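Survey of secondary and tertiary structure
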Amino acid sequence: MESDVVIADMDLPFGTAGLDFNQDPLQGIGDALSAPERLDEVLLDRLLSRCSEHLSLFAAPIALDRPYDIDANACESVLDIVRESVPWVAIDVPHMWTAWAKDVVLKADHVVMTAMPDLASLRNTKNLADQLKAARPNDRPPMLVLNQVGVPKRPEIPVKDFGHAIELEPRVVIEFDAQLFGTAANNGQMIEEVAEKAKAADASGALRTF
C-alpha cells in the first residue's frame, strides 16, 4: 500500500524487534515512555529507527539497567503522538496482561493473536478471544495465526480442533521450519529475504489481506 508504518516493540525488557530488523538503536520507545510529556513529532523522529522507505521501528531498550514498569497514561500519550505521525502503527504486545496491555489491545483497530498448537496456548488464546468478543462486540473478530505447526515428534492439537475450541478459524498457519526461521533471526532478516518462495513467506503474506 506504500503507506508509512511504525512498529512499536512494547516488550521493553526483552523485545527482539531491533534484532529482527538488524537494528541497534541507542534510543527508542523506552526513552519516550520515561518522559512522555517531552515527546513531540521532532523527538519522535529522532527516536525512530528507519528500516526502509516506509517502515520505522520504535525499538525496545537493549539493556536491563532499570526496571521497566509502563504507566497506562504514559503509554496512551506516547502512542497518540505516534498515531498522529503515520497512518499505520503495529504494536507488539508482550505476553502479559497489565492495565496498559489490556488498554492497547482493546483499543486496537485490528488484533492478531499468535498461538502454538498446544494446550497452554489454546487456553490463553481462548481467554483473550473471549475477552475481545465481550469488550468489542461490534468490531471485527481477532485474526488467529497458528505458528510452529508440525514440530517433529511433538504431539499437537490439530489445526481444525484448535479453531473449533476458540470459535475462530485460523487465518494463517505457519509450519515449523527451524533452518529458515533460525537463519532469519540470527541474520536480522525477514523470512522473504532468506527464502522468498518458502511456505512461511506465503503464509506471512496472507497477513496483508487482514
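Scroll up to find the structure.
Residues numbered from 1 in each chain as written. Predicted model: local features only at pLDDT ≥ 70, side-chain atom pairs only at ≥ 80, totals over all residues. Heavy atoms only, no water.

Observations regarding the environment of aspartate 45
Put simply, the rule is: Note on conventions: DSSP H or I runs of at least 4 residues are helices, E runs of at least 2 residues are strands, and numbering of each starts at the N terminus. Partly exposed describes any residue whose relative accessible area lies between the buried limit of under 20% and the exposed limit of over 50%, with all areas from a 1.4 Å probe on protein chains only and scaled to the type maximum.
Locating aspartate 45 in the fold gives a position in helix H3 (residues 41-47). Overall, the relative accessible area of 53% leaves aspartate 45 in the exposed class. Between the C-alpha atoms of aspartate 45 and alanine 101, which are 56 residues apart in sequence, the distance is 24 Å.

Examining the nonpolar core
Soluble globular proteins: nonpolar side chains tend toward being buried together. For the record, the criterion: For our purposes a nonpolar core is just a set of buried Ala, Val, Leu, Ile, Met, Phe, Trp, Tyr and Cys residues, chained together by side-chain atoms within 4.5 Å. Any two residues whose heavy atoms approach within 4.5 Å at even a single point are treated as in contact.
The biggest cluster of nonpolar side chains holds 24 residues, and the ones touching the most others in it are Leu33, Leu39, Phe58 and Cys75. Only strand E1 (5-9), helix H2 (29-34), H3, helix H4 (72-85) and helix H5 (99-107) provide two or more residues apiece to this core. Per element, the largest residue contribution to this core is five residues, and it comes from H4. The residues contacting cysteine 75, other than those within four sequence positions of it, are Met10, Leu33, Ile70, Trp100 and Val104. Judged by nonpolar contacts, the second largest core, of 13 residues, contains Val105, Val149, Phe162 and Leu168.

Remarks on the side chain of serine 121
Just so we agree on the cut-off: Within 3.5 Å is the distance limit for a polar contact, defined as a pair of N or O atoms, with the added protein rule that one can donate a hydrogen and the other accept it, and that residues adjacent in sequence qualify only through two side-chain atoms.
With respect to the helices and strands, serine 121 occurs in helix H6 (residues 119-135). Given the relative accessible area of 14%, serine 121 is considered buried. At a separation of 3.0 Å, a polar atom in the side chain of serine 121 contacts the main-chain amide nitrogen of methionine 116. Beyond its immediate chain neighbours, meaning those up to four positions away, serine 121 contacts Ala115, Met116 and Phe162.

Concerning the packing of H6 against helix H7 (residues 159-166)
Where we set the bar: Between N-to-C directions, angles cover 0 to 180 degrees, with each direction set by a line fitted to C-alpha atoms, over the stretch in contact for helices. Two helices cross in a left-handed way if the nearer one is turned anticlockwise from the farther one by less than a right angle. They cross in a right-handed way if the turn is clockwise. Residues are grouped as follows: Ala, Val, Leu, Ile, Met, Phe, Trp, Tyr, Cys and Pro are nonpolar; Asp, Glu, Lys and Arg are charged; every other residue, Gly included, is polar.
Direction vectors running N to C along H6 and H7 enclose 40 degrees, while the axes themselves pass 9 Å from each other. As H6 runs across H7, the sense of the crossing is right-handed. For the pair H6 and H7, contact is made by Ser121, Leu122, Thr125, Lys126 and Lys133 and by Phe162, Ala165 and Ile166, respectively. Here the contact of H6 with H7 is composed, by residue class, of four nonpolar, two polar and two charged.

Topic: the sheet that holds strand E2 (residues 49-50)
Put simply, the rule reads: Only strands joined by at least two bridges in the DSSP assignment are considered to pair.
Within the open sheet, the four strands sit side by side as E2-E3-E1-E4. Their pairing is mixed. Of all strands in the sheet, those with a lone pairing partner are E2 and strand E4 (88-92), marking the two edges. One ladder, built from two bridges, connects E2 with strand E3 (residues 55-58); its direction is antiparallel. When the bridges of E3 are listed, serine 49 appears paired with leucine 57.

With respect to the pairing of E1
Most of E1 sits inside the fold, with four of its five residues counted as buried. Here four bridges tie E1 to E3, and the two strands are oriented parallel to one another. Directly across from alanine 8, in E3, lies its bridge partner phenylalanine 58. Examined bridge by bridge, E1 and E4 share five bridges and lie parallel to one another. Looking across to E4, one finds that valine 5 is bridged to tryptophan 88.

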